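Examination of the molecular architecture
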Amino acid sequence: MNTLVEANNPRKHYGTVTAVHDFSHRFAPGKITAILGPSGSGKSTTLAMIAGLVDPDGGSVLVNEIDITRLPAERRDFGLVFQNYSLFPHLSVVENVEFGLRVRGFGRSERRRRASLALEQVHIPHLANRRIHQISGGEQQRVALARALAFAPRLLLLDEPLSALDAKLREGLRTELGRLLNELSLTAIYVTHDQIEAMSLGHELIIMRGGRIEQAGTPIEVYTRPSTPFVATFLGSANLLDGECLRVNGQTRLLLPFMALPMPEGTPSGPCRVMVRPEDISIVADDDGQFRGEVASSVFLGHQARLTVIAGGYALAVDASNEAIPLPGAAVSLRIRNEKLRILARED
Amino acid sequence: MKRTPSPGLELALGCVAVCLLVAVPAGYALARHPFPGSGLVEELVLLPLSLPGITLSMGLLAAYGELRGPLLVLAGHLLYTIPFMLRVMTATLRSFDVGRLESAARSLGASLPQRLFLVILPNLRHAMMVGSLLVFAVSWGEFNVSFLLNRGRPQTFPAVLYDTCTNQSIQVSGAATTIFLAIVIPVVIAIQWLGGKESSDMEQGA
């Protein structure tokens, strides 16, 4: 269901603490929007305000152009999946899934039919008659998802739904959740502090920090073109270098502590902050290198190795193939993919 | 022939009913919506448990002497039993996140009465059962307040026991004691069983 949801700066203060103060966004209809941020960035409060479980101090929330800011949560028709499942312990699996239909006055047979369909969608129809304490954490989260979907909500809100699960289970459920949400084409808002979840599930990604939106865009846009040093370092790993852009003989050049690089026309002159990701620095043969450095440490990560290379006074994070991992103390030649350099606004 | 109910049975059942009506909403309010001073209120409710029965009875007689009789006995019993019910309720409500379940129910479309009858009360049924049995056992075995605040026919079984011990034969009082224990022992066993079952459910629950 392509519900259009719009947050017009809903604000929330708890005493002197400001939880959310600058969040205006039109959520892509029929798509998944991931809200990513560190603890205390206001992402869960934002979700709770959209769900109607927290009253905003100001601003508004619109659904299909209608202001629902003061509409009680129970009248919004939003499905909500909680981090801790929040299943009703006194009801069986199928009774939990039926709950939203029961309070809407659906008859027993229709309730059972829809609940069975929802349980099939999450692949646990065989658990219908189990008690909640008789099923595993992963199964409980499937029940929570089935319960939120069974009454055909016009918007699905997910608050860190996989964070209580172990890594392997989380990976499997993440893939399945992505497939199901894409099949349903439901407008969904997915709050998480896990970058992989956010980037792999979200058609759109919002990075929050200190109660406000730091950057919004597609995951690829945000990852490759972060607008601030915070986004650059929060989403993935990044080397932040201080440099200066100078115009010399009609060409713009970026001076870094260990080398100079040509920059495209239109790059503003002056001191700047430069981001380069570890995967965009390569260890190359000496003849192809732009600069040299000394390996300070290397960490084997399975599919690759992460090196720390000292160059020009900077400790650069560099990704290397795990086939020939340089040992600490080794001198290496390095090359930066110029097109991947990103000049960022300075943060004061 | 007029049927004579067991002494104390009506009183104990009345206590259970009033305690449920008072302590369940009060426990919910204290656990779910604490306010400045709510901790003090909880402690004050427990205060009568630390007072000797004779002190409490004398105080009630001095203040409400004209009500002496079954109503004043009920009031005395309630001062002793409400704390038990309230403690069981607040402890249970704090042992699982009732606010979380309520939020889930709200998000699923449940109105306030639906949340109350479909989520909150069903999750409190064990606690209400344990609390009711505790209240029944305390009221059933209470002597001081029942003896001192009553007028006329003994209101509770212990008062009858006292009567049989002082005025009748040891055989009669022995028989009366047996009847007393026949009622109270199953209640105590039920409290133990339900209490254990509840903690086990809470540990396993979602």
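The structure presented is a predicted model; accordingly, all values stated were derived computationally and were not measured. (Residues numbered from 1 in each chain as written. Chains lettered and ligands numbered in written order. Predicted model: local features only at pLDDT ≥ 70, side-chain atom pairs only at ≥ 80, totals over all residues. Heavy atoms only, no water.)

**A few points about the packing of helix H2 (residues 93-102) of chain A against helix H4 (residues 137-150) of chain A**
Residues and elements named next belong to chain A. The condition that has to hold: Each axis is a line fitted through C-alpha atoms, taken for helices only over the stretch in contact, and angles between the N-to-C directions span 0 to 180 degrees. Counting from the N terminus, the helices are the DSSP runs of H or I reaching at least four residues and the strands are the DSSP runs of E reaching at least two. Orientation is classified from the angle alone, with under 35 degrees giving roughly parallel, over 145 giving roughly antiparallel, 65 to 115 giving roughly perpendicular, and any other angle giving oblique. Put simply, a crossing is left-handed when the front helix is turned counterclockwise from the back one by less than a right angle, and right-handed when it is turned clockwise. Any two residues whose heavy atoms approach within 4.5 Å are treated as being in contact. The nonpolar class holds Ala, Val, Leu, Ile, Met, Phe, Trp, Tyr, Cys and Pro. Asp, Glu, Lys and Arg form the charged class, and all remaining residues, Gly among them, are polar.
Direction vectors running N to C along H2 and H4 enclose 25 degrees, while the axes themselves pass 7 Å from each other. By the angle class used here, H2 and H4 are roughly parallel. In this structure, the crossing between H2 and H4 has a hand that is right-handed. Contacts between H2 and H4 pair Val93, Asn96, Val97 and Leu101 from the former with Val143, Ala146, Arg147 and Ala150 from the latter. A per-class count over the contact of H2 with H4 returns six nonpolar, one polar and one charged.

**A look at the domain arrangement of chain A**
Residues and elements named next belong to chain A. Rules: All the domain ranges listed were derived from an automatic or database domain assignment. By definition, the buried area sums, over both parts, the 1.4 Å-probe accessible area that each loses when the two are put together.
Each assigned domain of chain A is listed here: domain 1 (5-228) and domain 2 (237-344). Taking only C-alpha atoms into account, the centre of domain 1 sits 39 Å from that of domain 2. Counting residues at the interface gives six residues for domain 1 and five residues for domain 2. Each partner contributes to the roughly 510 Å² buried at the junction of domain 1 and domain 2, and carbon and sulfur atoms together form 50% of this total. The largest share of the area that domain 1 buries against domain 2 comes from Tyr223, Arg225 and Pro226, three residues that together contribute 72% of it.

**Some remarks on the sheet that holds strand E7 (residues 78-81) of chain A**
Residue and element names in this part refer to chain A. Applied cut-off: What makes two strands pair is DSSP finding at least two bridges between them.
Strand order in this open sheet of six strands is E7-E8-E9-E4-E10-E11, and the pairing throughout is mixed. Every other strand in the sheet has two partners, leaving E7 and strand E11 (212-217) as the edge strands with one partner each. On average, each strand axis in the sheet is inclined to that of its neighbour by 20 degrees, with strand direction left out of account. Strand direction decides the pairing type here: strand E8 (residues 155-159) and strand E9 (residues 188-192), joined by four bridges, are parallel.

**So, the packing of aromatic side chains**
All names here are of chain A. To keep it simple, the criterion reads: Within 6.5 Å between ring centres, the rings of Phe, Tyr and Trp (the latter by its six-membered ring) count as paired, and their orientation is classed by plane angle as stacked under 30 degrees, edge-to-face over 60, tilted in between. Buried residues are those whose accessible area, probed at 1.4 Å on protein chains only, stays under 20% of the maximum for their type, while exposed residues exceed 50% and partly exposed ones sit between those limits.
Inspection of every chain in the model, using the stated rule, returns five aromatic pairs over all chains. Here Phe23 and Phe27 contribute two aromatic rings whose centre-to-centre distance is 6.2 Å and whose plane-to-plane angle is 25 degrees, an arrangement assigned as stacked. Summarising the burial analysis for this pair, Phe23 and Phe27 share the class buried. Note on Phe230 and Phe234: the rings are 5.4 Å apart at their centroids and 10 degrees apart in plane angle, and the pair reads as stacked. Pair noted here: Phe230 and Phe234 are both in helix H8 (residues 229-234), with a separation of four residues, about one helical turn. Judged by its relative accessible area of 15%, Phe230 is buried.

**Things to note about the interface of chain B and chain A**
How we decide: For this analysis, a salt bridge means a side-chain nitrogen from Lys or Arg found within 4 Å of a carboxyl oxygen belonging to Asp or Glu. Under this definition, polar contacts are N or O atom pairs within 3.5 Å; protein pairs additionally need one hydrogen-donor-capable and one acceptor-capable atom, and for neighbouring residues in sequence, both atoms have to be side-chain atoms.
On the chain A side, the residues contacting the 20 residues of chain B number 24 residues. Between chain B and chain A, the buried area comes to about 2100 Å², and carbon and sulfur atoms account for 62% of it. There are two salt bridges connecting chain B and chain A. The partner of B:Arg106 in a salt bridge is A:Glu74, and the shortest N-O contact between them spans 2.9 Å. Our count for the contact surface shared by chain B and chain A stands at six residue pairs in polar contact (both at pLDDT 80 or more). Residue assignment for the side of chain B that touches chain A shows that the elements contributing at least two residues are helix H5 (98-107) and helix H6 (112-123) of chain B. Looking at the side of chain B that touches chain A, the element that brings in the most residues is H5(B), giving seven residues.

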